[in-house]
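Structure assessment
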Protein chains: 2
Amino acid sequence: MPDVPSLSGKRAKSVSNGKKELRLAIAGLGTVGAGVVSLLQENADLLAARAGRAIRIVAVSARDRKRDRGVKLEGFTWYDDPVSLATAPDIDVVLELIGGAEGAARTLVEASLAHGRDVVTANKALIAIHGAHLSHLAATHGAALLFEASVAGGIPAIKLVREGLAADQMEEIGGVLNGTCNYILTKMGDSGEDFSEILASAQKLGYAEADPSTDVDGWDAAHKLAILAGLAFGQPVSFSSIRVEGIRHVASYDHQFAREMGYRIKLLGMARRLDKSGAIEAWMRPCMVPRHAPIANVNGVFNAVRTQGRFSGPMLIEGRGAGAGPTASAVMADVMDLARGAALPVWGTAPQPARACAPISALSGAYYLRLLVRDKPGVMAGIASALRDEHVSMRAMSQHSFVTHDRDAPLSASAPEPVAPLAIITHQTQESAMKNVVARLSDMHEVLNDPVLMKIES
Amino acid sequence: MPDVPSLSGKRAKSVSNGKKELRLAIAGLGTVGAGVVSLLQENADLLAARAGRAIRIVAVSARDRKRDRGVKLEGFTWYDDPVSLATAPDIDVVLELIGGAEGAARTLVEASLAHGRDVVTANKALIAIHGAHLSHLAATHGAALLFEASVAGGIPAIKLVREGLAADQMEEIGGVLNGTCNYILTKMGDSGEDFSEILASAQKLGYAEADPSTDVDGWDAAHKLAILAGLAFGQPVSFSSIRVEGIRHVASYDHQFAREMGYRIKLLGMARRLDKSGAIEAWMRPCMVPRHAPIANVNGVFNAVRTQGRFSGPMLIEGRGAGAGPTASAVMADVMDLARGAALPVWGTAPQPARACAPISALSGAYYLRLLVRDKPGVMAGIASALRDEHVSMRAMSQHSFVTHDRDAPLSASAPEPVAPLAIITHQTQESAMKNVVARLSDMHEVLNDPVLMKIES
C-alpha cells in the first residue's frame, strides 16, 4: 500500500524531503490513455514540484501492443490482461481508462478496490450505474476511488461540488453535459439545417461517433448528471430512475420558434431538491432557455455545469467537455490529489445506498409544445379544449406559414393538404397534465406528428 | 494542535468513529463574519456528515460587543482583543475576517501561524501583499493558511487552480474580479449614462462603498489577480509590479464606440506566461472584449475567473463575487478542507520568494485609443503621423458627430469650438509604442483630453 500522507497543516514540512514516488498503472491506451502518458511526459517536473514527490507510470495494459499511439511506451511494464493490474506488484494507483459499465473496466475497478488499491477512472457509466456499490467497496477496503474526468472533461466539476461547495446546501445542479448534442443543437440553431444533416457533418469532423446513440439519445449526459446529483445531494442516485430524453426529435421548426420567442434549445440535465423532505427530481431533456441566460450561451462542443446553492447562489463553469488534453488534465488532477494525500470518500460522505428520483408526476414547470397541424377549420379549437380540460393555461402561441412538404415529421404518404408548424408556450403547470394533453393531441386527426414537448428553464 | 487526519484512501473508515470536533474562533463580525455564523447555524448537521466530525464556533472577537448583527452569539467566548485568539486555549482554527493588509488582521494571522495554529482568511490585500512571507511562516510552523474567500467571493477559484488544474501548465489566468466595477461598466453600457451618475446609484443600492476608490481604481481586483497569478504559476507575485488601472476615465463615448465596433468594456485582470523563461505579465485595466466572448457576458455584480491551460484548454467560472452568503460559503469550504485533512501549502508548492512581473515594455497587443478632438483641418493628419512614426498600424477608425458640450472630458472653460470623440483600433503592436503615441497626442493642440487607451482582449 502506498503511503499517501496529507500536506495539511503539520505535514507540509515533509513535502520535499524525499517522499516516495507514486507509481501508476494505466489500463486502456485510447485517446485519454495516450493523453495521460503525454501529459505526464511533458509536465513531470511541474507535477513533482506541486505534489512534493515524483509521479511515474510503471505499467500499462491495452488491447493491441503494436499500435502506434503517438507516445513512447518504453520503460513501462506491459500487461496483456488489464485486470492483472489490480494485484500486480509495485503499483500504487490504477488508472482505469477502458470505459463501459461492465466487462474488463468493472472487473478491474472492483478487483483493485478489493485489493485496497487506489483507483482513478474517467468512466462515467461505471460510476453512474455502480457508484453506490463501488463506494462501499472503496470504504470497506480503505481505497480511494476518484473520477473527476468522468464528468465534463477538463472541468473540475466534481471537486467544485464535493469540496468547493462542501459547506453549502445545494438546491440545484446540472448543465450542458454532452458536447456532441450541444454542437448539433448550436449548429441547427445557427444554420437552420436539420438534425440529420448536422449529425453527418459532426461525424465527419469527429464530434460525433459512427453510432451516435449514446450521445444523441442522452445517455452519456445522463450518466454525468447522475454523478453530479449524487455528489450535490450526498447520496448516489438510482440511475434507472432518471428520466432521459435525447435530441433526435428536435426539428429545425423548433429552433425557428425558439429564436422568435427569445429562447435557445439546449440538451439540459438538471437535478433539484424538491422540498424539505430531501426528495429530488432529475432529468435529461431538450429545454428552451432564455437567450440571455448564461447557459444559453454555452455553445459548440463546450460543456457547462451550473449550481445553485443556498449560500453560494448561482454558479456556472464552462470548458472543454471532452478530448485527450482536457480529460488527461482531469485524470491527473485526481492523481495529484492522491499524491498530495487529499482524496475524499466517493460521495463526499459515508457510503449510502442509491435512492430513486421523484416520479414524473412530481414535476412541474412551463412548457413548449410544438405540433404539425392540417389546415382545417376547428383545429385550434380542438387544441384549446385539450389544454383547458387539463387546466393548462397558454402564455403564447405562434403558427408558421403553411408548408406542403415537411422533412422533419413522419407524414403519411397520402396526406394531400398543406400542414403548418404550431408552437404553444404554457404558464406554470404539472408535467402530468402536459402528458395528458400530448396523449389527447396525438389522437387528433388534424395533428400529424408526435407532439414535441420541451421544458422551459431559466 | 488539532488532529486533522486525511480522509484519503486508508483513512476513510475512521470518518464517523467519533472524531474530535473542530473548534473555530472568528475575528471580525461584519457582513462576512455574521454570514459564517449564520451558515454554520443552518448547516451544522450537513457539515458534520460531510466532514465526519462536528464543526463548532467557540470564540469570537469584534469591535462592538453590543451591536445587533442578526445572529445569535450566545455560547461563544468573547475576546476584546482579536490577536489574543492566536494563543487562546481550545481553538483549532482562527478565521480572520477583519480585513486590511496591516493592523490587527496581519498581527493576528502572523501570531496564529507562529503559534502553529491553522488560519482561514477572506483577506485579499493581506495575501496579495504579504503572501510570500506568510507562506514561509505557515510552512515553518506547520500551520495551514487558507484563503478561498479572498478571490471572487463564493467561486472556488483557488481550489480550481491549485487542485482542479494541478496537473496542467497554466498559460493564462484572470477575469472579471470586481463586482462594483462590473456593475458600473454594465450599467454604463446598457444605459448610456456617465460614470458619476451610475456610481451614485450603485452607492445607493449598496453595490459601491461611500469611498469607492479601492474598487473603482482597480486595487481590490488587483489583489485578487495577484493571488490567482501566484497560484497559477506556483510562485507569489510582487504586488507592486502589477500594473493597475481603474475605470474612472471610461466615458459614455467609449461604450458607444464599443457597441458600434462589436465590443463590450470590462475591467479585466490578466496574468500570462510570456515565454519559456517563465516570465509573466500581469495587469488590471479596462479592456475591450468581443461582444460574444463568454467573459463579455459576465454582467452586473457577477465575477468570473478565466483560465487557459496547455491541456485543459479554456475554462470560465462565474458566480457571485461578494456578499455574506457566497463569501461565508467559501470561508467554510476552507474549514471543511481542514476538517477533512486536505489543506495544501499556500502557493501549491514549497514556499518561494515573490517575483516581479514583466515591465510594461514587454507587453503587446491590439489597442483602442479614444480622443476628443477639435474640428480643424489637419487633425487627422497629425494623429496619423504620430501612429506612423511609432510603426502602429490602424485597423479601424470611427469619429462621432461633433458635440459642443462634453460632460466627460476636462475641457478648458474657454474652448469655443465644437469637439468630437474619435476612436482608433490598432493592429497588433507594442504597448511601449502606444505610450509614445499617447504622449505625442497629449501634446497636440487639437487633442482636448488625455487620450484613453484600452487593450483589446479576446
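Reading the values: rules and limits
Residues numbered from 1 in each chain as written. Chains lettered and ligands numbered in written order. Predicted model: local features only at pLDDT ≥ 70, side-chain atom pairs only at ≥ 80, totals over all residues. Heavy atoms only, no water. UniProt positions renumbered as here; feature names shortened; annotations may be inferred. Least-squares fit on C-alpha atoms with pLDDT ≥ 70 in both. Contact = heavy atoms within 4.5 Å. Helix = DSSP H or I, 4+ residues; strand = E, 2+ residues; numbered from the N terminus. Buried < 20%, exposed > 50% of the residue type's maximum accessible area, 1.4 Å probe, protein only. Pairing = 2+ DSSP bridges. Axes fitted to C-alpha atoms, helices over the stretch in contact; angles between N-to-C directions.

- As annotated in an unreviewed UniProt entry, chain A carries the name Homoserine dehydrogenase and is attributed to Candidatus Kirkpatrickella diaphorinae.
- As recorded by UniProt, the Sequence similarities (unreviewed entry) comment attached to chain A reads in full: "Belongs to the homoserine dehydrogenase family."

A look at the relation of the copies chain B and chain A
- Once chain B has been moved 0.0 Å along the axis and rotated by 180 degrees, it coincides with chain A to within an RMSD of 0.0 Å. What the superposition gives is, in effect, a two-fold axis relating one chain to the other. For chain B, the minimum C-alpha distance to the rotation axis belongs to Ile317(B) and amounts to 2.0 Å.
- A symmetric contact is evident, with 100% of the interface residues of chain B recurring at the interface of chain A.

A look at the side chain of Gln235(B)
- Position of Gln235(B) among the secondary structure elements: in the loop between α8 (219–232) and β8 (243–244).
- Classification of Gln235(B) as buried rests on a relative accessible area of 16%.

Description of the pairing of strand β7 (residues 170–176) of chain A
Residue and element names in this part refer to chain A.
- The buried fraction of β7 is high, at six of seven residues.
- Note that β7 and strand β11 (residues 302–309) share six bridges and pair antiparallel. Bridge pairing in β11 places Gly175 opposite Val305.
- Two elements, β7 and strand β9 (residues 263–273), share four bridges in a ladder whose sense is antiparallel. Bridge assignment links Gly175 to a residue of β9, and that residue is Gly269.

Some words on the sheet that holds strand β6 (residues 145–146) of chain B
All names here are of chain B.
- One open sheet holds the six strands; their spatial order is β3-β2-β1-β4-β5-β6, and the pairing between them is parallel. Of all the strands in the sheet, just β3 (77–78) and β6 have a single pairing partner and so form its edges.
- The sheet contact formed by strand β1 (residues 22–27) and strand β2 (residues 55–61) spans six bridges and is parallel. When the bridges of β2 are listed, Arg23 appears paired with Arg56.
- Across the sheet, helix α2 (residues 103–114) touches β1, β4 (93–96), β5 (118–121) and β6, and the angle it forms with β4 is around 165 degrees.

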